[in-house]
Amino acid sequence: MNMLHLAETGTVATRRRAMVDYVMNRGNVEIDELVTRFETSRMTIHRDLQALSAQGLLRRVHGGVTTLPNGIAESSMLYRRRRAMREKKAMAALAAGMIGPGDVIALDDSTTACCMVDHLATMGGLTVVTNSLGIASTLAAMPAISLMALGGRYHPTFDAFFGLMCEQAIGALRVGTLFMSVSAVHGVNAYHQEQDIVKAKHALMRSADRRVLMADSTKFGSNALNRLADLSEFDVVITDDGLDHATRDRLLDHGVTLQVARLCASDAVKL
C-alpha cells in the first residue's frame with residue numbers, strides 16, 4: 001500500500017467521523033447540505049452514507065440522512081449514548097441500589113443498562129448475563145464480575161447479539177433480576193422498532209425472577225412498531241422526574257410500581 005493510498009484512506013475516515021458528528025448534532029440533514037459542508041461530490045457523499053449506514057451509524061431517508069429513530073427504525077448506538085445521559089445515569093444509579101453481592105443479574109443491550117456498569121465494579125461475587133458486546137467488553141476487565149456473554153447474530157446498530165442462538169442461550173439460564181429498557185412507551189405499553197430485539201427481550205423477561213424496566217421520561221408518549229409488554233408485567237418501572245403527573249397517575253392507577261430518579265438529588269421516590 002503506497003503513501004498516497006494511506007493518506008486518502010485517512011482522509012475518508014476523518015471525513016466520515018466528522019459526518020457522523022455533524023448529523024448527530026442536527027438530527028436530520030439533506031444530501032445537498034452535506035455536499036456543501038464537506039466540499040465534495042454527491043457521489044462521494046453517497047458512498048460515505050452507504051458505508052456509514054451499513055455500520056448502523058446513520059440511517060438514510062428520502063433526500064437525506066438521520067440519526068433520529070422513528071416507529072420502525074431505531075437510532076444508532078452513538079446517538080443513543082449521547083441522548084438523555086443525565087436521566088440515564090440517574091436511573092442507573094437507582095437501579096444499581098437494587099443489586100447485592102452474589103446476585104445473578106441480566107443486562108440487555110440498552111444504553112441505559114450500559115450506564116449501570118460503573119456501579120458493578122465494587123460488587124463482589126456478582127454474575128452478569130448480557131447480549132451487549134459493549135457491556136461484556138467492559139465487564140471482562142473487572143475480575144470481581146463473573147461474566148456470561150450471550151452469542152448470536154451481531155447487530156452493529158445495537159452493538160449486541162440477537163437471533164435464535166441468543167434466545168436459546170437465554171432459555172437455558174435463570175437470573176435473579178433483569179434490567180432492561182425500551183424505545184418507546186405509549187399508554188401503558190412498552191414498544192420497540194425491531195422484531196429480533198423484541199424476541200430477545202421477551203426471552204430475557206421469561207428467564208428472570210424479577211423484571212426492572214428503565215425508561216427515561218422522553219420515551220413516554222412516543223411509539224414504535226412492535227409491542228413488547230404491558231408495563232404491569234414489570235416488577236418495577238424506573239423513570240426520571242421529568243415525567244408529567246398525569247402520566248404518573250395513569251401508570252399508578254394501572255398497577256405499575258413506579259420509582260422516580262431525581263435529577264436534582266440522589267434520593268428516589270417510590271410511588
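Shown above is the structure to which this text applies.
Nothing here was measured: the structure is a model prediction, and the numbers come from that model. (Residues numbered from 1 in each chain as written. Predicted model: local features only at pLDDT ≥ 70, side-chain atom pairs only at ≥ 80, totals over all residues. Heavy atoms only, no water.)

Enquirer: Residue-level account of helix H3 (residues 42-54), with values.
Expert: In this model H3 runs 18 Å from its N-terminal to its C-terminal C-alpha over 13 residues, within 8% of the 18 Å that 1.5 Å per residue would give. Of all the residues in H3, the buried ones are Thr 44, Ile 45, Asp 48, Leu 49 and Leu 52. Viewed along the axis of H3, the buried residues span an arc of 130°, placing them on a single side of the element. Of the residues in H3, the exposed ones pointing more than 90 degrees away from the buried face are Met 43, Gln 50 and Ala 54. (Helix = DSSP H or I, 4+ residues; strand = E, 2+ residues; numbered from the N terminus. Expected span 1.5 Å × (residues − 1). Buried < 20%, exposed > 50% of the residue type's maximum accessible area, 1.4 Å probe, protein only. Arc of directions from axis to C-beta.)

Enquirer: Lay out the nonpolar core with the relevant residues and their values.
Expert: Counting residues in hydrophobic clusters, the biggest one holds 30 residues, and the most contacted among them are Met 180, Leu 228, Leu 231, Phe 234 and Leu 251. Contributions of two or more residues to this core are made by helix H8 (164-171), strand E9 (175-180), helix H9 (195-207), strand E12 (208-214), strand E13 (226-230) and strand E15 (258-261). Per element, the largest residue contribution to this core is four residues, and it comes from H9. In this structure, Met 180 is in contact with Asp 108, Ser 110, Lys 201, Met 205, Val 212, Leu 213, Met 214, Leu 228 and Phe 234, ignoring residues within four places of it in sequence. (Core = buried A, V, L, I, M, F, W, Y, C linked by side-chain atoms within 4.5 Å. Contact = heavy atoms within 4.5 Å.)

Enquirer: Help me get a handle on the packing of helix H2 (residues 31-38) against H3, residues and values and all.
Expert: Interhelical geometry of H2 versus H3 gives an angle of 105° and a closest axis separation of 9 Å. In terms of axis orientation, H2 runs roughly perpendicular to H3. Contact residues: Ile 31, Asp 32, Leu 34 and Val 35 in H2; Arg 42, Ile 45, His 46 and Leu 49 in H3. Residues that form the contact of H2 with H3 fall into these classes: five nonpolar, one polar and two charged. (Axes fitted to C-alpha atoms, helices over the stretch in contact; angles between N-to-C directions. Parallel < 35°, antiparallel > 145°, perpendicular 65-115°, else oblique. Nonpolar A, V, L, I, M, F, W, Y, C, P; charged D, E, K, R; others polar.)

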